[in-house]
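Per-entry structural report
These are the residues of each chain, in order.
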Amino acid sequence: LTLQSFAQYQYLFTVDSARIMMLQAKENRIKFEAMRRLDRYYYTTGLYDSSANLEKTMYAFASNQKNDTMLYLLFRSIGNRYTTRTDYNFGLENYFTALRYAPTDSTKAGLYQNLAYVYCVTENNEVALGYLKKAETIGISNAFFQNLLYGIVYNNLNKPDSALFYLKRADESDTRSY
């Protein structure tokens, strides 16, 4: 096997293990996590219909459990799916819904970063800055993404010195803090 082929097979093992875990899990938390992994695979590989169908199952499961954390994770995933497809209005709608269920300030900060990303790529840079500042005031969870977004927004606003400052900070930050 070539290295590339091995990487593809390794990803398939992860997908298969998520499917097996989803079907065999005894704990609700583990079952939901397996569904999330499978959903992420679907929407990041362009299998949007499969993702949407799985998310319906996830919604029924999370609603039945009356679990706000699961609902937060679900609506964030739905927002990610729409954002990945460049359906930004639907992505925003689901990120705002996820905010209602976000259990901690850290998770809210991550959602503010998601919102800032959408506003940034749609060139609503002032709105994006507002959400980045909001994330910063409650405590960011991902310094790399925060600084990267600041850099992009300031670049879009034709402020190259500010953009360079934040892009250097992103480069120097701990990228493992996803």
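Before any of the text, the structure's been laid out above.
Here's what I pulled together on the structure shown here. These numbers were taken from a predicted model, which means no experiment stands behind them.

How each quantity is defined
- Residues numbered from 1 in each chain as written.
- Predicted model: local features only at pLDDT ≥ 70, side-chain atom pairs only at ≥ 80, totals over all residues.
- Heavy atoms only, no water.
- Helix = DSSP H or I, 4+ residues; strand = E, 2+ residues; numbered from the N terminus.
- Buried < 20%, exposed > 50% of the residue type's maximum accessible area, 1.4 Å probe, protein only.
- Salt bridge = Lys/Arg side-chain N within 4 Å of Asp/Glu carboxyl O.

For the rest of this paragraph, the subject is the environment of Glu 93. With respect to the helices and strands, Glu 93 occurs in helix α5 (residues 88-101). What makes Glu 93 partly exposed here is its relative accessible area of 48%. It is 9.7 Å that separates the C-alpha atoms of Glu 93 and Tyr 82, two residues lying 11 residues apart in sequence.

Here the focus is the environment of Asp 87. Residue position: Asp 87 is located in the loop between α4 (68-84) and α5. The exposure class assigned to Asp 87 is partly exposed, which follows from its relative accessible area of 26%. Each C-alpha atom of the pair Asp 87 and Val 118 lies 9.8 Å from the other, and the pair is 31 residues apart in sequence.

Turning next to unusual backbone geometry. Negative phi characterises most residues that are not glycine, and trans characterises most peptide bonds. Unusually for a residue other than glycine, Glu 123 sits at a positive phi of about 60 degrees. Along the polypeptide, Glu 123 turns up in the loop between α6 (105-121) and α7 (125-138).

Attention now goes to the pattern of salt bridges. A side chain with one charge may pair with a side chain of the opposite charge, provided their charged atoms come close. Under the criterion given, the structure shown has 5 salt bridges. The partner of Arg 81 in a salt bridge is Glu 55, and the shortest N-O contact between them spans 2.6 Å. Of this pair, Arg 81 sits in helix α4 while Glu 55 sits in helix α3 (residues 48-65), and the two are 26 residues apart along the sequence. Considered together, Arg 81 and Glu 55 belong to a single accessibility category, that of buried residues. A single network of salt bridges, built from pairs that share partners, joins Glu 33, Arg 36 and Arg 37.

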